[in-house]
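# Coordinate inspection notes
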Amino acid sequence: MEELPRSYSRLCRESGAEPQEAVLQQLRAAPRGRLDLATQSLTLDTCRALGELLQKEAQLTELVLSDCMLSEEGAALLLQGLCANTVLRLLDLKGPLACVRVLRVGVASELPRTSGTSWHQEAPHHLCRAWPPWLPEQDRDPAGLTLEWNNLGTWEDAFATFCRALAGNGVLRQLDLRNNQISHQGAEELALALKSNTSLQQLDLRWNNIGLLGGRALVTCLPSNRTLWKLELAGNNVPSDVLRAVEQAMDHNQDRQATFRESRARTHVLSKEVRHLREEKSKQFLDLMETIDRQREEMARSSRTSAARVGQLQEALDERHSIISALKAKLQMTEAALALSEQKAQDLGELLVTAEQEQRNLVQRQAKEHRLAQQVGGQEADPGGRALWQVAHRRCHSPSCPQEAAERESKLLRDLSAANEKSLLLRNQVDELERKVKSQQDQLFLTRQELTNTSAELKMRAVQAEERLELEKRRSRQSLEDLEQLRAKEVEHMTRHLEESERAMQDRAQRLEAARLSLEEELSRVKALALSERSQAEEELIKAKNQVRLEEQQHLAHLEEKLRLLAQARDEAQSTCVQQRQVVAEAQARASQLGLQLEGLRRRLEELQQELSNKDQEKVAEVTRVRVELQEQIGRLQAELTAQEALKEKVAALERQLKVMASDHREALLDRESENASLREKLRLKEAEIARIRDEEAQRASFLQNAVLAYVQGSPLRTLSPQK
């Protein structure tokens, strides 16, 4: 707060005046944001400096100027500074000139300088313009203005300006206009202002000069004002019937305000509950969407895993097909080798037959030579063959003939024994080869049959695996589609249910609001009609009172006093209305000349009260019905919560089903992998056996070929056989 004294001193020096020491002390000692200048005598220069300080300073929020004996020019300068201030919240101007207490202040427009006019004439206009017309509605603190003992009613134009500003004010809640000499014209201006004002709640007009006309003007404006619930008119020479009408109107406004506050509180509670439910529903919907997304991701992951495993199985099947093709190729090669071996065996058989033929020819030739020798020995006596015999004898008795014959015979015997051994060996080899070929043919037949069975079994298992895979694909695709449809249906159902509940709540709120407005309008219309009829009846009663005697006037005054007391005690208990009617009936029985008129008025009053009680009962019934409907709605919301819990349980069941399906799928894949491993082992064994058979066949074929080649190369008849 050290800046405020320096700013004040600087402003005073700029205007050519010395700062007041008392003001400086208050500026130094004042708490933060508050300046208390009560009972201080402020000069014109000080007021000018304070006005400029209020225009520029943003730290001051409270200003107290009570009993300062301000001059007209100083007050105008202060108000001019207030009109440019936007942070001041408390202003106290108590004093003989203007007793003003402003609890919450904000300024929106400039105040023109006053020249040539009295402060008392311009003060209401300046105060009205300095009062905040733009204070936000959420500022719940009541704004009050006290103008007691200012004689505002003596300046009719200024007071009319004040009333016009009051009509457009939307912040002021309390207004005190006591002891201001307000006449019936001022009351009429106030009535016009109250018709347009929508914020004023308490108005104090005690100890003024309003009179009967002013009271009636105020009574006629009250049906149009629904916010004013306290109006004080004591000490204004206002008749008691007008006071009762004003009091009744204030009671109606109090009831309306209470109903409005209650309905606003209920609306606030309902809107809060609706927002809470909407947030809960949106949160649950988001949780459900997240759960569904997680399920979808898990299903997509499982489908990708299944697709990968299916691809692996397909690759394994393709590998098996390739292995089977390789086995088939190897089998064909084995068959070709076997055919080649058979061809070689056939060639060797042919060679063996040729060798046997040559041996038989050799035997036959030897037999022929032997027979020829015998014939030569037997034909010695034959003269024709003598020469031959001699030749043969010469050959035989020649020195070289016996030796050559013995060598030839031994050679022939050796060749014959070797040929016999070779033929026996060849026969044994041919028999062995035939047995081997037969055994190989049997093994080949068994191998072909086993290979056929294995290929058929592999094909059948491959077909079964493909069928199972296709079935699993269809089943997973169907489950995905079912889950997607179920999720879409649930989402659609939830969104539709949320929209329907929201629309129902909005329609319900609109219907309640419309019903409340219609009830308020009907209640205000009935009350206005009752007030008008009551005022007419009271006017007729006043005319009748002027005609009665002096003793009857005292009696009627006593009766009016009783009625006023009963009206004041009506807020304490509703049962006093019956006592009031009984007192009115007794007064009407005592008033002999006014009996008929009072009886008609009493019946009319009873009808109006009956209608009022019916309206109150209807209001209570409507409130009860609204409560029952709210309870029903709460029950429905609880049912919806249970339904959502059931949906959560369904989602958990679906997740468990998905887990079971995934486990079954994993077990099936493990079974397939084990089957594939067993098939691989069988194929590996078959390949090893086929390789062993192929090696044995190759060895046997090589042995046979070597034996045949050795036989052919070692045979001495090879040179004697004709060239092929």
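Given the structure is predicted, the values throughout are model-derived calculations rather than measurements. (Residues numbered from 1 in each chain as written. Predicted model: local features only at pLDDT ≥ 70, side-chain atom pairs only at ≥ 80, totals over all residues. Heavy atoms only, no water.)

## What to know about the overall build of the chain
Along the chain, the regular secondary structure elements total 14 helices and eight strands. Taken over 724 residues, the chain has a buried fraction of 34%. Looking at the chain as shown, the accessible area adds up to about 43400 Å², and 53% of this sits on carbon and sulfur atoms. (Helix = DSSP H or I, 4+ residues; strand = E, 2+ residues; numbered from the N terminus. Buried < 20%, exposed > 50% of the residue type's maximum accessible area, 1.4 Å probe, protein only. Areas by Shrake-Rupley, 256 points an atom, 1.4 Å probe, with all protein chains shown as cover.)

## As for the nonpolar core
By size, the foremost hydrophobic cluster in this structure holds 35 residues, and its most contacted members are Leu 175, Leu 177, Leu 203, Leu 205 and Leu 231. Where this core is concerned, the elements lending two or more residues are helix H6 (156-168), strand S6 (172-176), helix H7 (184-196), helix H8 (211-221) and helix H9 (240-378). Those residues in contact with Leu 203 that lie beyond four places of it in its chain are Leu 175, Leu 177, Leu 194, Leu 228, Lys 230, Leu 231 and Glu 232. Counting 25 residues, the second-largest nonpolar core is a separate cluster that includes Leu 37, Leu 42, Leu 54 and Leu 70. (Core = buried A, V, L, I, M, F, W, Y, C linked by side-chain atoms within 4.5 Å. Contact = heavy atoms within 4.5 Å.)

## Considering the environment of Gln 440
Turning to its location among the elements, Gln 440 is positioned in helix H11 (residues 401-547). With a relative accessible area of 6%, Gln 440 lands in the buried category. Not counting chain neighbours up to four residues away, the residues in contact with Gln 440 comprise Leu 338, Glu 697 and Arg 700.

## Re the pattern of salt bridges
Pairs may arise between side chains of opposite charge once their charged atoms sit close together. With the rule as written, the count across this model stands at 17 salt bridges. A salt bridge links Glu 681 to Arg 684; the shortest N-O distance between them is 2.1 Å. Note that Glu 681 and Arg 684 are positioned in helix H14 (residues 595-714) at a spacing of three residues, about one turn of the helix. According to the relative accessible area criterion, Glu 681 is partly exposed, its value standing at 35%. The class of Arg 684 is partly exposed, set by a relative accessible area of 45%. (Salt bridge = Lys/Arg side-chain N within 4 Å of Asp/Glu carboxyl O.)

## Section: the side chain of Ser 199
Along the polypeptide, Ser 199 turns up in the loop between H7 and strand S7 (202-204). A polar contact of 3.4 Å, which involves the side chain of Ser 199, links it to the backbone oxygen of Asn 169. Apart from residues lying up to four places away in sequence, Ser 199 is in contact with Asn 169, Gly 170, Val 171, Leu 172, Arg 173 and Thr 227. (Polar contact = N/O pair within 3.5 Å; in protein donor to acceptor, adjacent residues only side chain to side chain.)

## Looking at a negative patch on the surface
Taken together, the side chains of Asp 287, Glu 290, Asp 293 and Glu 297 make up a negatively charged region of the molecular surface. Secondary-structure assignment places Glu 297 in helix H9. (Patch = residues over 30% accessible without salt bridge, like charges linked within 9 Å, V, L, I, M, F, W, Y side chains within 5 Å. Lys, Arg positive; Asp, Glu negative; His and termini not counted. Charge placed at Lys NZ, Arg CZ, Asp CG, Glu CD.)

## Remarks on empty space enclosed by the protein
Counted according to the given criterion, the structure contains eleven cavities of 30 Å³ or more. Approximately 220 Å³ is the volume attributed to the largest cavity. As for the largest cavity, its lining consists of 18 residues, of which Leu 317, Arg 461, Ala 462, Ala 465 and Asn 676 are closest to the centre. Sorting the residues of the lining of the largest cavity by element identifies H9, H11 and H14 as the ones contributing at least two each. No other element matches the eight residues that H11 contributes to the lining of the largest cavity. (1 Å grid on protein atoms, 1.4 Å probe; cavity = no way out; pocket = protein on both sides within 12 Å on 5 of 7 lines; lining within 4 Å. Points joined across faces, edges and corners; volume = space filled by probe spheres on them.)

## As for unusual backbone geometry
With a phi close to 55°, Gln 181 is a non-glycine residue in the positive phi region. Inspection of the secondary structure puts Gln 181 in the loop between S6 and H7.

## Things to note about helix H2 (residues 21-29)
Residues Val 23, Leu 24 and Leu 27 constitute the buried set of H2. The buried residues of H2 occupy an angular sector of 100° when projected down its axis, which confines them to one face. (Arc of directions from axis to C-beta.)

## Thoughts on the side chain of Arg 672
Following the sequence through the fold, Arg 672 ends up in helix H14. Discounting chain neighbours no more than four positions away, the residues touching Arg 672 are Leu 313, Arg 468, Leu 469 and Glu 472.

## Describing the packing of helix H3 (residues 44-56) against helix H4 (residues 72-83)
Packing of H3 against H4 brings their axes to within 7 Å, and their N-to-C directions diverge by 5°. With respect to H4, the axis of H3 lies roughly parallel. Taking contact as the criterion, the partners of Leu 44, Cys 47, Arg 48, Leu 50, Gly 51, Leu 54 and Gln 55 in H3 are, on H4, Glu 73, Gly 74, Leu 77, Leu 78, Gln 80, Gly 81 and Leu 82. Tallied by class, the residues present in the contact of H3 with H4 amount to seven nonpolar, five polar and two charged. (Axes fitted to C-alpha atoms, helices over the stretch in contact; angles between N-to-C directions. Parallel < 35°, antiparallel > 145°, perpendicular 65-115°, else oblique. Nonpolar A, V, L, I, M, F, W, Y, C, P; charged D, E, K, R; others polar.)

## Side note on H6
A rise of 1.5 Å per residue sets the reference length of H6, with its 13 residues, at 18 Å; its end C-alpha atoms lie 19 Å apart and thus fit the reference within 8%. Looking at H6, one finds that the buried residues are Ala 158, Phe 159, Ala 160, Thr 161, Phe 162, Cys 163 and Leu 166. (Expected span 1.5 Å × (residues − 1).)

## Here's the deal with the pairing of S6
Burial of S6 is extensive: four of the five residues sit out of reach of the surface. Remark: the S6/H7/S7 crossover connection has right-handed handedness. (Right-handed = clockwise from strand over helix to strand, strands pointing away.)

## Digging into the confidence of the model for the chain
If pLDDT is low for a region, its predicted coordinates should not be looked at in detail. Of all residues in the chain, 81% have pLDDT values of 70 or greater, and the mean over the chain is 76. Confidence over residues 96-123 falls short of pLDDT 50; this stretch has 94 contacts with residues more than four positions distant or in other chains. In this model, residues 380-389 is a region of pLDDT below 50 whose contacts with residues beyond four sequence positions or in other chains number five contacts. (pLDDT = per-residue confidence, 0-100.)

## Quick notes on the packing of H7 against H8
As a packed pair, H7 and H8 sit with axes 8 Å apart at the nearest point and diverge in direction by 5°. The angle between H7 and H8 places the two elements in the roughly parallel class. The segment H7 lies against H8, with His 184, Ala 187, Glu 188, Ala 191, Leu 194 and Lys 195 engaging Leu 213, Gly 214, Ala 217, Leu 218, Thr 220 and Cys 221. Of the residues that constitute the contact of H7 with H8, the class distribution is seven nonpolar, three polar and two charged.

## Focus: the environment of Ser 183
Here Ser 183 is to be found in the loop between S6 and H7. Spatially, the C-alpha atom of Ser 183 lies 6.5 Å from that of Gly 153, the residues being 30 residues apart in sequence. For Ser 183, the residues in contact, after removing those within four places along its chain, are Asn 209 and Ile 210.

## Thoughts on the environment of Pro 5
Along the chain, Pro 5 falls in helix H1 (residues 3-14). Through-space distance from the C-alpha of Pro 5 to that of Gln 25 is 8.5 Å; in sequence the pair is 20 residues apart. If we ignore the near neighbours within four places in the chain, the residues touching Pro 5 are Leu 24, Leu 27 and Arg 28.

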